[in-house]
Amino acid sequence: VFTRTVTDALTIIDDDLPDMIVMELMLPDRSGLELIHYVREHELGQNLPLIVVSGVSGGFQMGQAIDAGVDVFISKPVGIDELMRGFSKIVSQIS
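Residues numbered from 1 in each chain as written. Predicted model: local features only at pLDDT ≥ 70, side-chain atom pairs only at ≥ 80, totals over all residues. Heavy atoms only, no water.

## A closer look at unusual backbone geometry
Argument step 1. In this structure, P77 follows K76 across a cis peptide bond, with omega equal to -5°.
Argument step 2. One can find P77 in the loop between β3 (72–75) and α4 (80–94). (Helix = DSSP H or I, 4+ residues; strand = E, 2+ residues; numbered from the N terminus.)

What follows is the structure in structure tokens.
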């Protein structure tokens, strides 16, 4: 499932929680941090794998995302190898 906004993502999560979320922090309607907090507060979302692939590469925003519960943070531009390492980390955590 693909969405461009936090608002749409919240609706999707409430209707049918996905198996994993790959997201950007800078979204057009609200901060991706709000989405991370929402997922982690959702009773079924506490262990849901969250990967952030973001153009926000500053230490402050990255730290906020990790503190909020992101499993993997990857800065853009991202290579396929780096993305695959992120997915592999998630798979090893849930296996």
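## Digging into the side chain of S54
Argument step 1. Relative to the elements of secondary structure, S54 occurs in strand β2 (residues 50–54).
Argument step 2. Using a relative accessible area of 0% as the deciding quantity, one classes S54 as buried.
Argument step 3. Not counting the four nearest positions on each side in its chain, S54 is found in contact with E24, L25, F73, I74, S75 and K76. (Buried < 20%, exposed > 50% of the residue type's maximum accessible area, 1.4 Å probe, protein only. Contact = heavy atoms within 4.5 Å.)

## A short note on the side chain of E24
Argument step 1. Looking at the element boundaries, E24 is found in the loop between β1 (21–23) and α2 (32–41).
Argument step 2. Judged by relative accessible area, E24 falls into the buried class, the value being 14%.
Argument step 3. Only 3.2 Å separates the side chain of E24 from the backbone nitrogen of M26, close enough to count as a polar contact.
Argument step 4. Of note is the side chain of E24, whose polar atom sits 3.4 Å from the backbone nitrogen of G55.
Argument step 5. For E24, the residues in contact, after removing those within four places along its chain, are G32, V53, S54, G55, V56 and K76. (Polar contact = N/O pair within 3.5 Å; in protein donor to acceptor, adjacent residues only side chain to side chain.)

## With respect to the sheet that holds β2
Argument step 1. Ordered by their spatial adjacency, 3 strands build an open sheet running β1-β2-β3, and the pairing between neighbours is parallel. Both outer strands of the open sheet, β1 and β3, are each paired with one neighbouring strand and no more. Recorded for the sheet is a direction-independent mean angle of 15° between the axes of neighbouring strands.
Argument step 2. When β1 meets β2, the two strands line up parallel, connected through 3 bridges. Directly across from I21, in β2, lies its bridge partner L50. (Pairing = 2+ DSSP bridges. Axes fitted to C-alpha atoms, helices over the stretch in contact; angles between N-to-C directions.)

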